[in-house]
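Working through the structure, step by step
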Amino acid sequence: MEWENIDDENQRAKVFGGWIVKTYESVYHPENGFSGGADGFDWRVSTCFVPDPEYKWEKTNG
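Per chain, residue numbering runs from 1 following the sequence as it is written. Given that the model is predicted, a residue must reach a pLDDT of at least 70 before its local features are reported, and side-chain atom pairs must reach 80 or more before they are shown or counted; all residues, however, enter totals for whole chains, interfaces and linings. No hydrogens and no water enter the side-chain calculation; it runs on all heavy atoms of the structure.

Let's shift gears to the pairing of strand S2 (residues 10-15). Looking along a regular strand, one sees side chains alternate from face to face of the sheet. Where strand S1 (residues 4-7) and S2 come together, 3 bridges link them in antiparallel fashion. Across the sheet, the residue bridging to Asp 7 is Asn 10, located in S2. Strand pairing is assigned whenever DSSP identifies at least 2 bridges connecting the two strands. Per the convention used, a helix needs a DSSP run of H or I reaching at least four residues, while a strand needs a run of E reaching at least two, with both numbered from the N terminus. Once S1 ends, the chain turns through 2 residues before running back antiparallel as S2.

Rendered as structure tokens:
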């Protein structure tokens, strides 16, 4: 699968009948559930299918 950047946090890959879209973001964890100290960062990733059988989705800048 060949991923193409949409922007800094999103990518897409052409698949049969449309696109697989992947989005990811860094997540900050406050210490013990409260603000103040940092407990660390991690990455959250989600994917979804966007139907587009004619592949009309054109990326735009902006």
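Following the structure, the description resumes.
Of note, the phi angle at Tyr 55 is positive, near 50°, even though the residue is not glycine. Within the secondary structure, Tyr 55 sits in the segment after strand S4 (38-51).

What follows is about the environment of Asn 10. Following the sequence through the fold, Asn 10 ends up in strand S2. Put simply, Asn 10 and Lys 22 are 12 residues apart on the chain and 5.7 Å apart in space, counted from C-alpha to C-alpha. It only takes one pair of heavy atoms within 4.5 Å for two residues to be counted as in contact. Those residues in contact with Asn 10 that sit more than four places away from it in its chain are Glu 4, Asn 5, Lys 22 and Thr 23. In this structure the side chain of Asn 10 is engaged in a polar contact, spanning 2.7 Å, whose partner is the side chain of Asp 7. Polar contact is the term for a pair of N or O atoms within 3.5 Å; when the atoms are in protein, one must be able to donate a hydrogen and the other to accept it, and sequence-neighboring residues count only if both atoms are side-chain atoms.

To continue, consider a negative patch on the surface. Patch rule: a residue counts if its relative accessible area is over 30% and it has no salt bridge; like charges are joined within 9 Å, and nonpolar side chains (Val, Leu, Ile, Met, Phe, Trp, Tyr) within 5 Å. Exposure was quantified through the Shrake-Rupley algorithm and a 1.4 Å probe, taking into account, for residues, occlusion by the shown protein chains and nothing else. Whenever a carboxyl oxygen of Asp or Glu lies within 4 Å of a side-chain nitrogen of Lys or Arg, that contact is scored as a salt bridge. Only four residue types enter the tally: Lys and Arg on the positive side, Asp and Glu on the negative side, with His and both chain ends excluded. All charge positions are set by atom: Lys at NZ, Arg at CZ, Asp at CG, Glu at CD. Residues Asp 7, Asp 8, Glu 9 and Glu 25 make up a contiguous surface patch of negative charge. You can see Asp 8 is positioned in the loop between S1 and S2. We classify Asp 8 as exposed; its relative accessible area is 73%. Partly exposed describes any residue whose relative accessible area lies between the buried limit of under 20% and the exposed limit of over 50%, with all areas from a 1.4 Å probe on protein chains only and scaled to the type maximum.

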